[in-house]
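One-letter residues, chain by chain:
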Amino acid sequence: DHIQSEKQYLQLIKVYPNSAYTPQAYYSLGWIYFEQDKYEKAKDVFSKLIASFPNHQLSEDTSFKLGEIEYNLRNYEKTIDLFLVFLDKHPKSTKISESYFYIAEAYYYLGESLKSITFYAKAADSSYDSKLILMSKVSMGWGYLKLKKLDLSQKMFDEALAYSKEKGILSD
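About the thresholds
- Residues numbered from 1 in each chain as written.
- Predicted model: local features only at pLDDT ≥ 70, side-chain atom pairs only at ≥ 80, totals over all residues.
- Heavy atoms only, no water.
- Helix = DSSP H or I, 4+ residues; strand = E, 2+ residues; numbered from the N terminus.
- Expected span 1.5 Å × (residues − 1).
- Buried < 20%, exposed > 50% of the residue type's maximum accessible area, 1.4 Å probe, protein only.
- Contact = heavy atoms within 4.5 Å.
- Salt bridge = Lys/Arg side-chain N within 4 Å of Asp/Glu carboxyl O.
- Axes fitted to C-alpha atoms, helices over the stretch in contact; angles between N-to-C directions.
- Parallel < 35°, antiparallel > 145°, perpendicular 65-115°, else oblique.
- Left-handed = near helix turned anticlockwise from the far one by under 90°.
- Nonpolar A, V, L, I, M, F, W, Y, C, P; charged D, E, K, R; others polar.
- Phe/Tyr/Trp six-rings, centres within 6.5 Å; stacked < 30°, edge-to-face > 60°.

> Honestly, helix H6 (residues 96-109) in this entry has me stumped. Any pointers?
Since there are 3.6 residues in each turn of an α-helix, residues three or four apart along the chain are aligned in direction. End to end, H6 covers 20 Å across 14 residues, agreeing with the expected 20 Å (1.5 Å per residue, within 8%). The set of residues buried in H6 consists of Ile 96, Ser 97, Ser 99, Tyr 100, Phe 101, Tyr 102, Ile 103, Ala 104, Glu 105, Ala 106, Tyr 107 and Tyr 108. In this structure, the buried side of H6 is in contact with helix H4 (59-72), helix H5 (76-89), helix H7 (113-126) and helix H8 (130-146). After H6 finishes, the residue Gly 111 shows a positive phi value of roughly 80 degrees.

Here it is as structure tokens:
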């Protein structure tokens, strides 16, 4: 029940701004908005969480969500900036590979294929997620295709196909 949850989180934030539960209320409220594709509201709430509680344990995931929001809003330059800051601030995060992938995607959509390939490679090399590795390999293939590097493109698509068969992942 998003409506009721939103009301309760907003009330907690307003009535008990210094409560130990306030950061969690901000975080949960941001997620409610994010899940409903209300990205501007989610961005506002997540930004308030980081500004008010910069050292809270939820700030790492919140910073990552802000990058995702900018990506979903197709603000690719801002996506790159936020994920680069995220990588700098959280070098041991479990979301390193995903951050590289989002940066790669942003560069791809900005028409910077060579930069995108660099970050797809970093995503594939650092990930333990077979699907992310596969998506990175396929995306490198598309990047090389855009650069008219047909041999490299074919090589990446072949690697992706072999990898998908090896891991038992469906791949079109």
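> How do you make sense of the environment of Ile 169 when you look at a structure like this?
Locating Ile 169 in the fold gives a position in the segment after helix H9 (150-167). In the structure, Ile 169 is positioned 38 residues away from Lys 131 in sequence and 7.5 Å away in space, judged by C-alpha atoms. The contact partners of Ile 169, leaving out residues within four places of it in the chain, are Ser 130, Lys 131, Leu 134 and Ser 164.

> Even after reading the chapter, I still don't get the pattern of salt bridges, so can you show me in this structure?
Where charged atoms of side chains with opposite charge meet at close range, the side chains can pair. Per the stated rule, a full pass over the model turns up eight salt bridges. The shortest N-O distance in the salt bridge between Lys 65 and Glu 68 comes to 2.6 Å. Linking Lys 65 with Glu 68, this pair stays in helix H4, spanning three residues, or about one helical turn. Across the pair, exposure class does not vary: Lys 65 and Glu 68 are buried alike. Where salt bridges share partners, they join Glu 40, Lys 43 and Glu 70 into one cluster.

> Would you explain the packing of H7 against H8 in this entry?
The axes of two packed helices give the description: the angle between them and the distance between them. Contact geometry for H7 and H8: axes closest at 9 Å, N-to-C directions at 160 degrees. In terms of their interaxial angle, H7 and H8 are classed as roughly antiparallel. You can see that H7 and H8 cross each other, and the crossing is left-handed. Residues Ser 113, Ile 117, Tyr 120, Ala 121, Ala 123 and Ala 124 of H7 pack against Ile 133, Ser 136, Ser 139, Met 140, Gly 143, Tyr 144 and Lys 146 of H8. Considered class by class, the residues forming the contact of H7 with H8 number eight nonpolar, four polar and one charged.

> Sorry, what's going on with the environment of Gln 11 here?
Topologically, Gln 11 is positioned in helix H1 (residues 2-15). Distance in space between the C-alpha atoms of Gln 11 and Ser 52 is 17 Å, their sequence separation being 41 residues.

> How should the packing of aromatic side chains be read in this particular structure?
Scanning all chains against the criterion turns up 17 aromatic pairs. Seen in terms of ring centroids, Tyr 71 and Tyr 102 are 5.1 Å apart; in terms of plane orientation they differ by 65 degrees. Their pairing is edge-to-face. With Tyr 71 in helix H4 and Tyr 102 in helix H6, this pair connects stretches of sequence that are 31 residues apart. On the basis of an interplanar angle of 85 degrees and a centroid distance of 5.6 Å, the ring pair of Tyr 108 and Tyr 109 is categorised as edge-to-face. Note on Tyr 108: relative accessible area 17%, which makes it buried.

> What should I look at first to understand the packing of H8 against H9 in this one?
Interaxial distance between H8 and H9 falls to 7 Å at its minimum, and their mutual angle equals 160 degrees. As far as their axial angle goes, H9 and H8 are roughly antiparallel. Judged by the sense of rotation from one axis to the other, the crossing of H8 with H9 is left-handed. From H8, Ser 130, Ile 133, Leu 134, Lys 137, Val 138, Met 140, Gly 141, Trp 142, Tyr 144 and Leu 145 reach across to H9, where they touch Leu 150, Leu 152, Ser 153, Met 156, Phe 157, Glu 159, Ala 160, Tyr 163, Ser 164 and Lys 167. Taken together, the residues that form the contact of H8 with H9 break down as 13 nonpolar, four polar and three charged.

> Mind showing me how you'd approach unusual backbone geometry here?
Most of the time, phi is negative for any residue but glycine, and the peptide bond is trans. The backbone of Asp 37 sits at a positive phi, close to 60 degrees, despite the residue not being glycine. Considering the arrangement of structural elements, one finds Asp 37 in the loop between helix H2 (22-35) and helix H3 (39-52). In this structure, Arg 74 is a non-glycine residue whose phi angle is positive, near 65 degrees.

Geometric descriptors of this kind do not, in isolation, establish any biological role.
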